[in-house]
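# Geometric and topological summary
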Amino acid sequence: MALTDPAFVAIQVLNAFQLASLLFLLSVGLSVVFGLMNFINLAHGTLYMVGAYVGYAVAQASGSFWLALVLAPVAVALLGAILHWLLLARLQAANPMKQVLATFGLIFMGLDAVRWVWGSQSHGLEAPAGLDGSVTLLGQTYPVYRLFVIAVGAAVAVGLYLVLERTRLGARVRAGVDDRDMAAALGIDIGRLFFGVFCLGCGLAGLAGVVAAPVLSVYPGMNMSVLVLALIVVVVGGPGSLSGAVIGSLLIALVQTFGQVFAPALASVAIYAAMAIVLLVRPGGLIPLKGRS
Amino acid sequence: MTLRLVTLAVLIVAAGASWAFSGFFGKDLLTEIAILAIFAMSLDLLAGYTGMVSLGHAAFFGVGAYGMAAAGSLLGLGGLPAMAVAVAAAMALALIVGVFVVRLKGVFFIMITLAVGQMVHAWVFRSEALGGDDGMGGIIRPDLGTIGLVLDDPADFALFALVLAFLSFLALDLVARSPFGRLLTAIHQSESRARALGCPVERYKLGAYVIAAAFAGLAGALAAQRDYFVSPEFLTWTVSGEVLIVVIVGGMGSLLGPVIGAAVVTLLKHQLSDVTTYWMFFLGLFFVLVVMFADRGLYGALRRLKRRREAAT
């Protein structure tokens, strides 16, 4: 097992892409919301966990993974709407710090809520028929489901790119991220935009949860490591931009995957070091927003 | 008499009375409150006075606890020197980490402290020298026989923790009242103004970060002695989160608020865990409600009550 074996490297690159796909789904909503409102939802990882659990429950009840794949993101987006209405909308006038702290309290609540409903043990979710096999790539077998994870991330990235760059709605979001006050002065309702982007981001976190469930198991506490990785992606990629989320996800996933293989003790530290360096050298992230320094 | 002195007197009398009249379980609870109070006061210097809301304060608590264990079982030091090593280790880590993190503000500071906390946890979890996820034992409590205290006795240990909590309060209060502390408050109010007046903001923030880490390390060293055992649990994000809850529930920027918060949250936790296994849910809910409706905390509420009383007369 070494870097000289092309097949081995290719497999690790695929593994990294799979992780990047999940990280992208998680971080893109966080990132755009941060760009719009200077607000970081610390319960974002919790929504990912709820997505995984709802997906598990739906798949258990209906026997259909595909139904779970559709319903879990919708359920989590609805939960996001409720959170916005109960909590964030009421705290919007106050400083963003209060919003962040309130979402921190939600992590505690979410952790015990899933324990309450689904117990402390971990659950597994089977990959659906057709995606549960494996294929041979460069002489190595590789699970088809992981390729599916990559495809989902790529499809969402392309879809979001088209919406952001080619539609009026996307232009509004970009305007809001670039200069909130100016956009508001031009008659764009930033509050409603924030609500929409927030709910979409929550839904994508839920999607990440249900997509991740067959690869990683579903357990209380699965949210924290993922939350920190997603925060690192947001910081490294630079908040507010789609391309930043894509590049940040790929970078962090590559460092994480290859680090785990070659220097497991160093890997966890290397990620944080990468974050610290980017924060110090380029505080706006790798893709800084125009007009802000 | 000022509210501050009255509150302090009430807290001391309450602590003394509950120490004198409580049984084994009560003294254990009192020890826990004293340790959490030291930990929360240290975070208050950062969050309340300097405006650096950290979500990774458990790193220093954990390093203090592990420093205590390692100094005892790996270096063979006695109780008091081991405590000094624990505090020094926490300060050293704060100095290294602080150079980077003090440049960040607000939400970015929250994120990087959370990440650093998780990093230290991940590192200890994998470290073979520190026992990995099994944790470490072999901790000895200091020998204070010369002043007639046997710390292996729960009553004496509770007294030791309470006295240290009181001394920590005096020390941190001194820091907060000193010119250095006044400047921390000035930085909190307006960083650019402090900078314009010629204050080296980063250096002051770093100073606050290291001092806060020292007291967090002291709390960690005491927690290690209480359990005679340390584990990566000491370093988890929930520990950082709980202490922030304590500070905010008690009232930021007062040092006494966190002490009240430590007592209230510890008692609440014990009451809740008698009723339900899912006490974290209710603790989280309580925290969200405090942030939404009473962000000045219990001490802030006392202050307002007093002001209203004065306005009425």
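Fair warning: this is a prediction, and the values are worked out from it, not measured in the lab.

### A few points about the overall build of chain B
Along its length, chain B carries 13 helices and 0 strands. Listing each helix as α and each strand as β along chain B from the N terminus yields α-α-α-α-α-α-α-α-α-α-α-α-α. Relative to the compact-globule value of 20 Å for 313 residues, chain B shows a C-alpha radius of gyration of 19 Å, a close match. On the principal axes, the C-alpha backbone points of chain B span a range of 55 × 45 × 40 Å. Going through the 313 residues of chain B one by one, you find that 56% of them count as buried. Sequence-distant contacts in chain B: of pairs separated by 6 or more residues, those separated by 24 or more amount to 79%. Just so you have it, chain B exposes about 13,400 Å², and 67% of that area is on carbon and sulfur atoms. If you average the places of the 21 positive and of the 19 negative side-chain charges in chain B, the two averages end up 17 Å apart.

### Digging into the interface of chain B and chain A
Residue-level contacts link 38 residues of chain B with 39 residues of chain A. Summing both sides of the interface, chain B and chain A together bury roughly 3,600 Å²; the carbon and sulfur share of this comes to 86%. The largest share of the area that chain B buries against chain A comes from M111(B), W237(B) and Y278(B), three residues that together contribute 18% of it. The interface formed by chain B and chain A holds 0 salt bridges in total. Elements represented by at least two residues in the side of chain B that touches chain A include exactly α5 (106–126), α10 (237–250) and α12 (279–293) of chain B. A total of 13 residues in the side of chain B that touches chain A trace back to one element, the largest contributor, which is α5(B).

### Considering the side chain of K205(B)
Residue and element names in this part refer to chain B. Relative to the helices and strands, K205 resides in helix α9 (residues 201–227). The exposure class assigned to K205 is buried, which follows from its relative accessible area of 4%. The residues touching K205, leaving out its near neighbours within four places in the chain, are T50, M52, V102, L104, K105, I187 and E191.

### Let's talk about the pairing of strand β2 (residues 140–143) of chain A
All names here are of chain A. Alignment of strand β1 (residues 134–137) against β2, held across 4 bridges, turns out to be antiparallel. Bridging from a neighbouring strand, S134 pairs with P143 of β2. If you look at the hairpin formed by β1 and β2, you'll find 2 residues sitting between the two strands, and L138 has a positive phi there, around 50 degrees.

### Some remarks on unusual backbone geometry
Excluding glycine, a negative phi dihedral is what most residues carry, and trans is how most peptide bonds are arranged. Residue Y228(B) is not a glycine yet carries a positive backbone phi of 55 degrees. Relative to the helices and strands, Y228(B) resides in the loop between α9 and α10.

### Description of a nonpolar patch on the surface
Residues I277(A), L280(A), V281(A), L95(B), I96(B), V99(B) and F100(B) make up a contiguous nonpolar surface patch of roughly 630 Å² in combined accessible area. Within the residue set of the nonpolar patch, elements represented by two or more residues are α11 (264–281) of chain A together with α4 (79–101) of chain B. Broken down by element, the residue count for the nonpolar patch peaks at 4 residues, all from α4(B). With respect to the element layout, V281(A) can be found in helix α11.

### Describing the packing of aromatic side chains
All names here are of chain A. Considering all chains together, one arrives at 20 aromatic pairs over all chains under this definition. Ring centres 5.7 Å apart and planes at 85 degrees place the aromatic pair W66 and F148 in the edge-to-face group. Taken together, the residues W66 in helix α3 (residues 65–91) and F148 in helix α5 (residues 144–166) connect sequence positions 82 residues apart. Judged by its relative accessible area of 41%, W66 is partly exposed.

### Considering the pattern of salt bridges
All names here are of chain B. Per the stated rule, a full pass over the model turns up 9 salt bridges over all chains. Among the ionic pairs, E202 bridges to R195, the shortest N-O distance being 3.3 Å. Residue R195 is classed as partly exposed on the basis of its relative accessible area, which comes to 39%. Across the pair D227 and R226 runs a salt bridge, and its minimum N-O distance is 2.9 Å.

### Topic: the packing of helix α6 (residues 154–177) of chain B against α9(B)
Residues and elements named next belong to chain B. Their axes nearest at 12 Å, the elements α6 and α9 cross at an angle of 175 degrees. Judged by the inter-axis angle, α6 sits roughly antiparallel to α9. Seen from α6, the contacting residues are F157, F160, L164, S168, A171, L172 and V175; seen from α9, they are I211, F215, L218, L222, Q225 and R226. Looking at the contact of α6 with α9, its residues break down into 10 nonpolar, 2 polar and 1 charged.

### Things to note about the confidence of the model for chain B
Averaged over chain B, the pLDDT score is 88; the fraction of residues at 70 or greater is 100%. Here the complex is predicted with pTM 0.85, and the ipTM for its interfaces comes to 0.81.

### Describing the packing of helix α2 (residues 44–62) of chain A against helix α9 (residues 222–237) of chain A
Residues and elements named next belong to chain A. Contact geometry for α2 and α9: axes closest at 8 Å, N-to-C directions at 130 degrees. Accordingly, the angle class assigned to the pair α2 and α9 is oblique. The handedness of the crossing between α2 and α9 comes out as right-handed. Here α2 contributes H44, G45, T46, Y48, M49 and A52 to the contact with α9, which in turn contributes M222, N223, V226 and L227. A per-class count over the contact of α2 with α9 returns 6 nonpolar, 4 polar and no charged.

### Quick notes on the environment of L206(B)
Residue and element names in this part refer to chain B. Within the fold, L206 resides in helix α9. Since its relative accessible area comes to 16%, L206 is described here as buried. Separated by 111 residues in sequence, L206 and L95 place their C-alpha atoms 7.1 Å apart. Among residues more than four places away in sequence, those in contact with L206 are A94, L95, G98, V99 and V102.

### Section: the nonpolar core
Where a protein is soluble and globular, its nonpolar side chains tend to be buried together. If you look at the biggest cluster of nonpolar residues, it comprises 211 residues, and the most contacted ones within it are F24(A), L42(A), L207(A), L114(B), Y209(B) and V230(B). Sequence-distant contacts of L114(B), that is, excluding residues within four places in its chain, are made with L42(A), M224(A), L227(A), V228(A), L231(A), L55(B), G56(B) and W237(B).

### A closer look at a positive patch on the surface
All names here are of chain B. Taken together, the side chains of R296, R303, R304, R307 and R308 define a basic patch exposed on the protein surface. Structurally, the position occupied by R304 is in helix α13 (residues 297–312). Note on R304: relative accessible area 44%, which makes it partly exposed.

What counts and what doesn't
- Residues numbered from 1 in each chain as written.
- Chains lettered and ligands numbered in written order.
- Predicted model: local features only at pLDDT ≥ 70, side-chain atom pairs only at ≥ 80, totals over all residues.
- Heavy atoms only, no water.
- Helix = DSSP H or I, 4+ residues; strand = E, 2+ residues; numbered from the N terminus.
- Rg over C-alpha atoms; globule rule 2.2 N^0.38 Å.
- Buried < 20%, exposed > 50% of the residue type's maximum accessible area, 1.4 Å probe, protein only.
- Contact = heavy atoms within 4.5 Å.
- Areas by Shrake-Rupley, 256 points an atom, 1.4 Å probe, with all protein chains shown as cover.
- Lys, Arg positive; Asp, Glu negative; His and termini not counted.
- Charge placed at Lys NZ, Arg CZ, Asp CG, Glu CD.
- Buried area = accessible area lost by both parts, 1.4 Å probe.
- Salt bridge = Lys/Arg side-chain N within 4 Å of Asp/Glu carboxyl O.
- Pairing = 2+ DSSP bridges.
- Patch = residues over 30% accessible without salt bridge, like charges linked within 9 Å, V, L, I, M, F, W, Y side chains within 5 Å.
- Phe/Tyr/Trp six-rings, centres within 6.5 Å; stacked < 30°, edge-to-face > 60°.
- Axes fitted to C-alpha atoms, helices over the stretch in contact; angles between N-to-C directions.
- Parallel < 35°, antiparallel > 145°, perpendicular 65-115°, else oblique.
- Nonpolar A, V, L, I, M, F, W, Y, C, P; charged D, E, K, R; others polar.
- pLDDT = per-residue confidence, 0-100.
- Left-handed = near helix turned anticlockwise from the far one by under 90°.
- Core = buried A, V, L, I, M, F, W, Y, C linked by side-chain atoms within 4.5 Å.

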